[in-house]
Amino acid sequence: MSKRSLFLALSIISMSILSIISCWNMDVNAAGPPEISIQLHQASQVASVAPGNNTPLVFTGIVQATVIWSPSIQYIEVVLSYDAGGWTISGTTILLLTQENESIPFSCTVIVPSGTSSTTIGEFTVSGTWKNEPGVLSGDIDPAIAMIHIDRFFSHELYSTEEYSMIGREDAGICRVKLRNLGNGNDSIRIGIANEAELSRARITSSMSGDALYLEEGETKVVDIAISTSRAAVGTYEIELESFSQEAEAYGKVSEPSSIVIEFMVVSESPSQEEPPIEEEDPPIDDEDPPEEEDEDLPPDGPGPQKEYEPYVPGEGGSLGPVLIVAVVIVALIVIAIPLTIAIVVFRKRS
């Protein structure tokens, strides 16, 4: 064999070996793990949680795959999972990536509970796993995260636990109501008297603090309305209270005002004078802590009318005393003398 023939043979063998190695490398790459990512279209969203206006949040995104496909791989199965800190979630769970469709969209709905505090910051997470089909290769997908902020809503309530108040004419009194913050954040609420002019014409003066009340989320405070009446103001009257949120105006929000009508009665006399004294309703004083001097003079049969008698002193108290004494002595002598006389007469007759 010539040198030229030997060289050609070696060249053919070398090219065959390189071709085999190249094909083997392609098969190895095709069997390697794919690159799969999750992408969310929203980085953050704001949830409306006002009662009656609780709108679900919808998150959307895509699952993207970068794969060196081979005849041994038909598709890649992706299983998505969602987490929003315990809030209700529903969405796409299984995606099938193929060589013709390496990018597939998904969506998920998150329901934030009504009335959630505005101080809450939620976190929405999408994660997943992948698996070659057919095949045994599988792995995890890096999660995608979006933030959930809670929108402010403003609501409050005026209410009273008293049916009415009673005030004497030409006197002063207080009507009391309660104010409760029903919003999902702290609030400053101002209260006004809507019919103040009407009460003034009836010669009734009503007043309250002009400062707004600061209430924390869910807090309740007591509000006192001072009332002064005139001599002519006798009868039943009403106070109309109305309140509104100052914080809502600062946030550019619409807040429904709250109102209440409370009733009070102006009587001819002060209620404290018409009512019986408190002491009469208490237990008898001798059951609690009876004075010693009263117990010492009580007769055995119990308390009763007592009369003081002065000891008799001869020569004092008038002439009636000696006359009684003489009369008693005479009666006693007569009672003794009669039997004695009878006895003497009988004795003499027998003798």
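Residues numbered from 1 in each chain as written. Predicted model: local features only at pLDDT ≥ 70, side-chain atom pairs only at ≥ 80, totals over all residues. Heavy atoms only, no water.

**Q** Talk me through the overall build of the chain; I want residue IDs and the actual numbers.
**A** Across its full length, the chain carries 8 helices and 20 strands. Residue burial in the chain is summarised as follows: out of 351 residues, 27% are buried. In the chain, the share of contacts with a sequence separation of at least 24, taken over all contacts with a separation of at least 6, comes to 72%. On the chain, roughly 23,500 Å² of surface is accessible, and the fraction owed to carbon and sulfur atoms is 56%. (Helix = DSSP H or I, 4+ residues; strand = E, 2+ residues; numbered from the N terminus. Buried < 20%, exposed > 50% of the residue type's maximum accessible area, 1.4 Å probe, protein only. Contact = heavy atoms within 4.5 Å. Areas by Shrake-Rupley, 256 points an atom, 1.4 Å probe, with all protein chains shown as cover.)

**Q** Just give me the short version of a negative patch on the surface, but keep the residues and values in it.
**A** Taken together, the side chains of Glu198, Glu238, Glu240 and Glu263 make up a negatively charged region of the molecular surface. Structurally, the position occupied by Glu198 is in helix α2 (residues 196–201). For Glu198, a relative accessible area of 46% gives the class partly exposed. (Patch = residues over 30% accessible without salt bridge, like charges linked within 9 Å, V, L, I, M, F, W, Y side chains within 5 Å. Salt bridge = Lys/Arg side-chain N within 4 Å of Asp/Glu carboxyl O. Lys, Arg positive; Asp, Glu negative; His and termini not counted. Charge placed at Lys NZ, Arg CZ, Asp CG, Glu CD.)

**Q** Can you explain the sheet that holds strand β12 (residues 156–159)? Please cite residues and give values.
**A** Across the sheet, 4 strands lie side by side as β12-β14-β18-β16; this open sheet has antiparallel pairing. Two strands bound the open sheet, and with one partner strand each, they are β12 and β16 (204–207). Within the sheet, the average angular offset between the axes of one strand and its neighbour, ignoring direction, is 25°. The pairing of β12 with strand β14 (residues 172–181) spans 4 bridges and is antiparallel. (Pairing = 2+ DSSP bridges. Axes fitted to C-alpha atoms, helices over the stretch in contact; angles between N-to-C directions.)

**Q** Summarise the nonpolar core; cite the residues concerned and give the values.
**A** In terms of nonpolar packing, the biggest core is built from 35 residues, with Val78, Phe124 and Ile148 touching the most fellow members. At the level of elements, β1 (35–40), β3 (49–50), β5 (57–66), β6 (75–83), β8 (94–97), β9 (103–111), β10 (121–133) and β11 (138–150) are the ones that each hand at least two residues to this core. Looking at this core, the element that brings in the most residues is β11, giving 5 residues. In this structure Ile148 touches Gln45, Ala47, Leu57, Phe59, Trp87, Val110, Val112, Thr120, Ile121, Gly122 and Phe124, once residues within four positions along its chain are discounted. (Core = buried A, V, L, I, M, F, W, Y, C linked by side-chain atoms within 4.5 Å.)

**Q** So what's going on with the pattern of salt bridges? Residues and values would help.
**A** Counted according to the given criterion, the structure contains 5 salt bridges. Across the salt bridge formed by Asp151 and Lys253, the nearest N and O atoms sit 2.9 Å from each other. Taken as a pair, Asp151 in the loop between β11 and β12 and Lys253 in the loop between α3 (246–251) and β20 (258–267) lie far apart in primary sequence, 102 residues in all. We classify Asp151 as partly exposed; its relative accessible area is 26%. Salt-bridge contacts for Arg231 lead to Glu170; the nearest nitrogen and oxygen are separated by 3.2 Å. Separated by 61 residues along the polypeptide, Arg231 in the loop between β18 (220–229) and β19 (235–245) and Glu170 in the loop between β13 (164–168) and β14 bring together distant segments of the chain. Exposure class is identical for Arg231 and Glu170. Each is exposed.

**Q** An account of unusual backbone geometry is needed here, citing residue identities and associated values.
**A** Cis geometry marks the peptide bond from Glu133 to Pro134, where omega comes out at -10°. As for its position among the elements, Pro134 is in the loop between β10 and β11.

**Q** Describe the side chain of Arg152, with residues and values.
**A** Residue position: Arg152 is located in the loop between β11 and β12. Excluding residues within four positions of it along the chain, Arg152 makes contact with Ser118, Asn184, Gly185, Asn186, Tyr251 and Lys253.

**Q** Can you explain the packing of aromatic side chains? Please cite residues and give values.
**A** Enumeration over the complete set of coordinates arrives at 4 aromatic pairs. Aromatic pair Tyr82 and Phe124: ring centres 6.1 Å apart, planes at 10°, arrangement stacked. Linking Tyr82 in strand β6 with Phe124 in strand β10, this pair joins segments that are 42 residues apart in sequence. For the pair Tyr82 and Phe124, a shared accessibility class is recorded, and that class is buried. Ring geometry for Phe154 and Tyr251: centres 5.7 Å apart, planes at 55°, overall tilted. Of this pair, Phe154 sits in the loop between β11 and β12 while Tyr251 is found in helix α3, placing the two residues 97 residues apart along the sequence. Cluster of aromatic residues (ring-pair linked, three or more members): Phe59, Tyr82 and Phe124. Sitting over the ring of Tyr251, Arg152 keeps its end group 5.1 Å from the ring centre. (Phe/Tyr/Trp six-rings, centres within 6.5 Å; stacked < 30°, edge-to-face > 60°. Lys NZ or Arg CZ within 6 Å of the ring centre and 35° of its normal.)

**Q** I'd love a proper account of a nonpolar patch on the surface, names of residues and values included.
**A** Judged by side-chain polarity, Val326, Ile330, Ile334, Ile338, Ile342 and Val346 come together as a nonpolar surface patch covering roughly 530 Å² of accessible area. Inspection of the secondary structure puts Ile330 in helix α8 (residues 320–350).

**Q** Explain the sheet that holds β5 residue by residue, including any values.
**A** Whether parallel or antiparallel, the strands of a sheet pair through hydrogen bonds between backbone atoms. The strand order across the open sheet formed by 4 strands is β1-β5-β9-β7, and the pairing between neighbours is antiparallel. Because the sheet does not close on itself, it has two edges, and the strands there are β1 and β7 (88–91). Neighbour-to-neighbour, the strand axes of this sheet turn through a mean angle of 25°, independent of strand direction.

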